[in-house]
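Close look at the chain arrangement
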Amino acid sequence: MKKTLIVSLTIISAFAFGQKKFVYGDSFEFNTKYEKDIKLVLCDDYNQYVFSDINEDGYSSYPHKKILMRKLDQNGNLIDTFIKDYANKTNGVLHNYLGSIQIDKDKFVVYTEEIETKINRKEIFQHVFNKKDGNYTTTSVAKLFTEGGMKQGTTFLRFSESGKYVAIVNDRSVSKKTANTIDNIVIDLSTLSKKWDKEITLDTDYMESDAAVTNSGRVLILRKSTGWKESSKLVYVSAQGDQDIALKDKLILKTLSPVSINDKDYLVSFGYFTGARINQSDFGYMSFINLQNGNITTSEFPEFRSNTTMSGVDITLVQSVNGKTYLYGYDVNKTMPPSTPTNRFPDPIISYGSGRWFTINSEGAATSTPTNGYGNVAYFTKANTNYFFIAENRLTPFQVGNTMTDKNKVINLNNHESGNKSGYPILTSLQYIPESDRVIYLRRSGENQLNVKSVYNWNNQ
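All figures in this text were calculated on a predicted structure; none of them were measured in a lab. (Residues numbered from 1 in each chain as written. Predicted model: local features only at pLDDT ≥ 70, side-chain atom pairs only at ≥ 80, totals over all residues. Heavy atoms only, no water.)

1. Things to note about the overall build of the chain
The condition that has to hold: Numbering of helices and strands runs from the N terminus, with a helix taken as a DSSP run of H or I at least four residues long and a strand as a DSSP run of E at least two residues long. In this treatment the radius of gyration is a C-alpha quantity, and the globule benchmark scales as 2.2 Å times the residue count to the 0.38 power. Exposed residues in this analysis have more than 50% of their type's maximum accessible area, buried residues have under 20%, and partly exposed residues fall in between, with area computed by a 1.4 Å probe over protein chains only. It only takes one pair of heavy atoms within 4.5 Å for two residues to be counted as in contact. Accessibility throughout is a Shrake-Rupley quantity obtained with a 1.4 Å probe, and a residue counts as covered only by protein chains that appear here. Counted as positive: Lys and Arg. Counted as negative: Asp and Glu, with His and the chain ends omitted from the count. Charge coordinates come from a single atom per side chain, which is NZ of Lys, CZ of Arg, CG of Asp or CD of Glu.
In terms of helices and strands, the chain carries 2 helices and 35 strands. At 24 Å, the chain has a C-alpha radius of gyration in line with the 23 Å of a compact globule built from 461 residues. Taken along its principal axes, the extent of the C-alpha atoms in the chain is 90 × 55 × 40 Å. In the chain, which comprises 461 residues, the share counted as buried stands at 50%. Once local pairs closer than 6 in sequence are excluded, the contacts in the chain between residues at least 24 apart make up 47%. Approximately 22300 Å² of the chain is accessible, and the part contributed by carbon and sulfur atoms is 48%. A gap of 2 Å separates the mean positions of the 54 positive and 49 negative side-chain charges of the chain.

What follows is the structure, encoded as structure tokens:
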């Protein structure tokens, strides 16, 4: 009898652990109008956190700009909320959210800027949330200068593709008559300390349009001509100084996506060539630039060239296998809503085209393969396979080094049992928890509500 019982329990256990298990957290409220940049972060088998930011003028009462971290339990139920106000009541002081990133299993860092026009001051603050104690630690990481008044210059805050560095690039000048003084500060996110900083001065024939930081901790600055003739410049900055990367004649760069191959810096940039361009986008050509020797290989992409609604291209995954480099990216479409008395600086409205793989060979030439899925999706890598949250409630697997997938291997995360909680997945919120081998993601469960769905044994059909 005892032996029979043990065998029966073993069979039941194997069945239970071999089947998909769905767990739904209770819905919790969030402000769909004001809370932006929603992320599922700091996930382990016990807790998860939902990050969001309020970066609005005139919202509620002072201080109206907030960082929010919602703590969820193992099943995704809300148990606490940690709020950091990063504005103050001083008139004439502006505050802006610049960006955020998880830096290890316990800490999440947020960067904001504070601009005081009366004394020409711009200051960058670093807010570190530690899940061990639920506290924020705020420090000033850069004290910068502006020209004063409405001439506040431009702050670019960029994270490296590896997540190892953050760069603060401050263009002090907004005047064509004033020399372009630019502050470059690179912070090592593993220590949250400054790696280097360098002040440079560039000519006034060009103005700064974008910036990026490489995985080696160097800064790239993209510049465009201030005159009537279209022209681009690319500046490569290190602690030792700056140098121009010579570009092809008539080549205009519009995007910056630094990548690393064998620990060397390269740049992927989409743009166009000047000349007769009727009904063509600004992103029809990819330039692959070797930042060590300046060599440039340009490839044309007709599918982007004919898309005149594009405003950019994002690259979210870089992998090198057998002498080839594979990039996952998608086109970005951005529109600006009109300002209002309560929101003078509204956030842009962004939409995304379908995702695609770009393959770059050893000579730098590129080709593309569409995935027939959404762009701006989250992914994780397990056992030499990339799993993309490529469509609603589905994971699409791509073997590392392969741009095609077997459609029969698409993983369905739907729960067809009656009575399960409804919701629409936020495709950027996917997380994989190795401890329990489960997939977890955020869903919109109502106009102002979110919930979390967990899928155990997700890879079993």
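2. Some points on the sheet that holds strand 10 (residues 135-145)
Spelled out, the test is: When DSSP finds two or more bridges between a pair of strands, those strands are recorded as paired. In this description, a line fitted to the C-alpha atoms serves as the axis of each element, helices being fitted only across the stretch in contact, and the angle between N-to-C directions of two axes falls anywhere from 0 to 180 degrees.
Judged by pairing direction, the sheet is antiparallel, and its 4 strands sit side by side in the order 7-8-9-10 without closing on themselves. On the outer flanks of this sheet lie strand 7 (93-102) and strand 10, each paired with one strand and no other. Across the sheet, the mean angle from the axis of one strand to that of its neighbour is 20°, orientation sign disregarded. In terms of strand pairing, strand 8 (residues 107-116) meets strand 9 (residues 121-130) through 10 bridges, oriented antiparallel. Counterpart to Val109 in the pairing with strand 9 is Val128.

3. Overview of the pairing of strand 7
With 9 bridges joining them, strand 7 and strand 8 adopt antiparallel strand pairing. Bridging from a neighbouring strand, Gly99 pairs with Tyr111 of strand 8. The antiparallel pairing of strand 7 with strand 8 creates a hairpin that spans 4 residues between the two strands.

4. Quick word on the sheet that holds strand 14 (residues 193-202)
Pairing between the strands of a sheet is mediated by backbone hydrogen bonds and can be parallel or antiparallel. Within the open sheet, the 4 strands sit side by side as 11-12-13-14. Their pairing is antiparallel. The open sheet has two edge strands with one neighbour each: strand 11 (154-159) and strand 14. Shown here is a sheet whose adjacent strand axes are inclined to one another by a mean of 15°, direction ignored. As paired strands, strand 11 and strand 12 (residues 165-171) are joined by 6 bridges and run antiparallel to one another. Residue pairing for strand 12: Leu157 is matched across the bridge by Ile168.

5. Observations concerning the side chain of Ser454
Filter applied, for reference: Whenever two N or O atoms come within 3.5 Å, that pair is a polar contact, provided that in protein one can donate a hydrogen and the other can accept it, and provided that, for residues adjacent in sequence, both atoms are side-chain atoms.
Residue position: Ser454 is located in strand 35 (residues 449-456). Of the polar contacts made by the side chain of Ser454, one reaches the side chain of Arg438; its length is 2.9 Å.

6. Brief notes about the pattern of salt bridges
Inclusion rule: Within this document, salt bridges are pairs made up of a side-chain nitrogen of Lys or Arg and a carboxyl oxygen of Asp or Glu, the two lying within 4 Å of each other.
One pass over the structure, following the stated rule, counts 24 salt bridges. A salt bridge links Arg218 to Asp265, with the nearest nitrogen and oxygen atoms 3.9 Å apart. Here the residue Arg218 occupies a position in the loop between strand 15 (206-213) and strand 16 (219-225), and Asp265 occupies one in strand 21 (residues 264-273), the gap between them amounting to 47 residues. Relative accessible area serves as the criterion here: at 3%, Asp265 is assigned to the buried category.

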